[in-house]
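One-letter residues, chain by chain:
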Amino acid sequence: MIDIDVKNLKKSFEVGHDVLSGLSFEVNAGEHVGILGANGCGKTTLFKLLCGEYTPDEGTVSIHKGRRIGLISQIPVYPEGWTTEDVLREAHGRLRAMAARIEELEGLMAGEATPALLDEYDRLSDDFRRLGGWDMDRERARVANGLDIPEEMRAREFDKLSGGEKTRVNLARLILEDTDILLLDEPTNHLDLRATEWLEDYITHFRGTVLAISHDRYFLDTVAQRCIEIADGRAEFYSGNYSFYAVERQRRFDEQLRKYEKDQAKLEQLQRAAAKLHLWAFMGNDKLHKRAFSIEKRMEKLEKTEKPKEAKKLRAAFRTSEFRADEVLVAENLAKGFEGRPLFSGVEFKVAGGERIAVIGDNGTGKSTLVKLIVGEEAPDAGYVRSGPAVRMAYLPQIVRFRDPSLSAADTVIDECHCEMQEARDRLGAFGFSGEDAMKAVGALSGGEQSRLRLCILMRSDVNLLILDEPTNHLDIPSREWMEDALADYDEALLFVSHDRYFIEKFATRIWHVEGGRITDFRGTFGEYREYRARQEAIAQAQKAAAPRQERPKNQKQRTSDLEKQRRRVEREIEKAEARVAEIDAESEANASDYVRLLELDAEREELNKKLDALYSEWEELDES
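The rules behind these values
Per-chain numbering applies: the sequence of each chain, read as written, is numbered from 1 onward. Totals for whole chains, interfaces and linings use all residues, but because this is a predicted model, local features are given only for residues with pLDDT of at least 70 and pairs of side-chain atoms are given and counted only at 80 or more. Only hydrogens and water are set aside; all other atoms, that is, all heavy atoms of the structure, feed into the side-chain values. Two strands qualify as a pair provided that DSSP identifies no fewer than 2 bridges between them. Put simply, DSSP H or I for four residues or longer makes a helix, DSSP E for two residues or longer makes a strand, and each gets a number counted from the N terminus. For every element, the axis is a line fit to its C-alpha atoms; helices are fit only across the contacting stretch, and the angle between N-to-C directions ranges from 0 to 180 degrees. Pairing of aromatic rings covers Phe, Tyr and Trp, the last through its six-membered ring, and needs centres within 6.5 Å; plane angles under 30 degrees mean stacked, over 60 mean edge-to-face, and all others mean tilted. Each residue is assigned to one of three classes by its accessible area relative to the maximum for its type, calculated with a 1.4 Å probe on protein chains only: buried under 20%, partly exposed between the two thresholds, exposed over 50%. Two limits define a charge over a ring: the Lys NZ or Arg CZ must be within 6 Å of the ring centre, and within 35 degrees of the ring normal. In this scheme, patches are assembled from residues that exceed 30% relative accessible area and form no salt bridge. Like charges are connected within 9 Å, while nonpolar side chains (Val, Leu, Ile, Met, Phe, Trp, Tyr) are connected within 5 Å. All accessibility values rest on the Shrake-Rupley procedure with a 1.4 Å probe; residue burial counts only the protein chains present in the view. By definition, a salt bridge exists where a carboxyl oxygen of Asp or Glu is found within 4 Å of a side-chain nitrogen of Lys or Arg. By the criterion applied in these results, polar contacts are pairs of N or O atoms within 3.5 Å in which, for protein atoms, one can donate a hydrogen and the other can accept it, and in which residues neighboring in sequence qualify only through two side-chain atoms. In this description, contact between two residues means that some pair of their heavy atoms is separated by no more than 4.5 Å.

*Asks:* What exactly am I supposed to notice about the sheet that holds strand 5 (residues 69–71) here?
*Replies:* Each strand in a sheet pairs with its neighbour through backbone hydrogen bonds, running either in the same direction (parallel) or in the opposite one (antiparallel). One open sheet holds the 6 strands; their spatial order is 5-6-7-3-8-9, and the pairing between them is mixed. The sheet terminates laterally at strand 5 and strand 9 (234–238), the two strands that pair on one side only. With strand direction ignored, the average angle separating the axes of adjacent strands in the sheet is 20°. Note that strand 6 (residues 181–185) and strand 7 (residues 209–213) share 5 bridges and pair parallel. Its bridge partner lying in strand 7, L182 is registered against V210.

As structure tokens, then:
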């Protein structure tokens, strides 16, 4: 069954510039699809067309009838004063309405339990149980905890949350609504590693349809069953996850390039032959002109392969120095907190030259604060951290700032690197700022372009300690790959904060996990650290299972409420069974001459009497409790 059917979709926002031009694809029910493409190719526009926010200029978008669709990037407007908890509870609006009606029916049945009331009550109770009504509070807590929405945030007004917090809450609400089709537009942008892995696990087990735009390659590898790339307004299809896409895309590029070069070689050969024939024809043999024209017509009819387009690759790379410090960083008894809340304490480490350290952990644990202590932007509450005497440090912060945003990129390089215009233009060209781009005002550059410019300034030959705070944030996949290429030849000490697992796996040889006020220092790759953590968790689970289990006692009020509900349930079942026994007695009198029917009614009466005996016993036990 097809959930999404897009045919010949066209959309433009400027005359003569189509964002989407003839886009067509189908998505079957339950498929998980990664949507790829360069920034500005129309991925977000496609999502807004799918959910009806935009109207196509041409073509059609068809969503299977009855399917509920949810877009993560859309944040609805809620009534003034609504808390985060109100927003999350709204996801269970249907269940809460059912619960209110069930409670109303219980009140009515306390007066007179008519068959109509009993039937409605039974039907609603079954639907409420089947749809997870008894578990909605627990499910709300599970999803909120998984997406890092703590109790404190749940109590705050939704309008007072940051953009990232609103996105997380909106994602939680859509998950709780049990939406049939999820459109995820950069869902991991504001999630830490733990929350991202929780979301991956949820999507992996989600039976509905998922379309995900993401720059997180690890995320796409985990959740995408196939990929659709939007290029030049059209769709290219890849029957696998991101890793499959990357290999297959390169294979297709190489194949098309070989065919293009072969076609060009053939055309060049024919062109030379035609030119020679024309030349010889001028020497007195007019018939050769005809042969030359025939060759030229043949050239026109030849199938010509379009030259494949390759994204511009930046030529930048770190120039490594001859010196490698033995002692790069040392910390002893390091402690830091804010407003009486400690982030970490008792931290000690030594970093040698050439080490590559990834600082990981949940949001708010102090990763960026640790980096600021190392670079001297924050002072420790206790202990110290110092760099070696010959260390030359370069720091790329999470939020890049420049002294004068009105200066051009070229003038900024000249100002900060103390170089001439030609050298500044050469350096900028290596970082993808060519032509007019080099003369753009720094303040007009995107966040990714500003990070690239700052790295251009940092890449000096004397740097032997490079510190990066979330270097791939808000970068598209080509920009992330460029940064990885730029760092590949850098063999001095590298310390970076990141949630990008692809980046961490590629570079880290040592992991610092900031958690619970301490730093776990693990010497090994990210994959090895994950295996270590999995073993530790398995040991903890085994110890927990082996420990004597203690039931958590319910408070008296909750216990009394539960007993009352159970008594009411048993009483209703007794009433239904007794009513049926009375009906059987009446039927027996009406069918006194039908021996077969009397046997059937007697058998049913016997089963009901057994059930009634059990129900009476259960009611007595509950009444005595």
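Having put the structure on the table, let's press on.
*Asks:* I keep staring at the packing of aromatic side chains and nothing clicks. Help me out?
*Replies:* Note on aromatic pairs: each is described by the distance of the centres and the angle between the planes. Taken as a whole, this structure holds 16 aromatic pairs when the rule is applied. Both rings, one in F13 and one in Y54, keep their centres 5.5 Å apart while their planes meet at 65°; by these two values the pair is edge-to-face. With F13 in strand 1 (residues 2–14) and Y54 in the loop between helix 1 (43–50) and strand 4 (58–63), the pair connects residues that are 41 residues apart, well separated along the chain. For the ring pair F128 and W134, a centre distance of 5.2 Å and an interplane angle of 85° mean the geometry is edge-to-face. You can call W134 exposed: its relative accessible area is 61%. Within the aromatic cluster, the residues linked to one another by ring pairs are Y238, Y242, Y245 and Y502. The positively charged end of R252 is found above the aromatic ring belonging to Y238, 4.0 Å away from the centroid. Geometry around F433 places R452 over its ring, the cationic atom sitting 4.8 Å from the centre.

*Asks:* Mind showing me how you'd approach a nonpolar patch on the surface here?
*Replies:* Together, L279, W280 and M283 line one region of the surface with nonpolar side chains, adding up to about 370 Å² of accessible area. Among the secondary structure elements, W280 is positioned in helix 10 (residues 242–281).

*Asks:* Please clarify how the side chain of R605 should be interpreted in this entry.
*Replies:* Among the secondary structure elements, R605 is positioned in helix 20 (residues 595–624). Residue classification places R605 among the buried residues on the basis of a relative accessible area of 18%. Separated by 3.1 Å, the side chains of R605 and S588 make a polar contact. Apart from the residues lying within four places of it in its own chain, the contact partners of R605 are I584, D585 and S588.

Remember, this is a structural readout, not a statement about activity or role.
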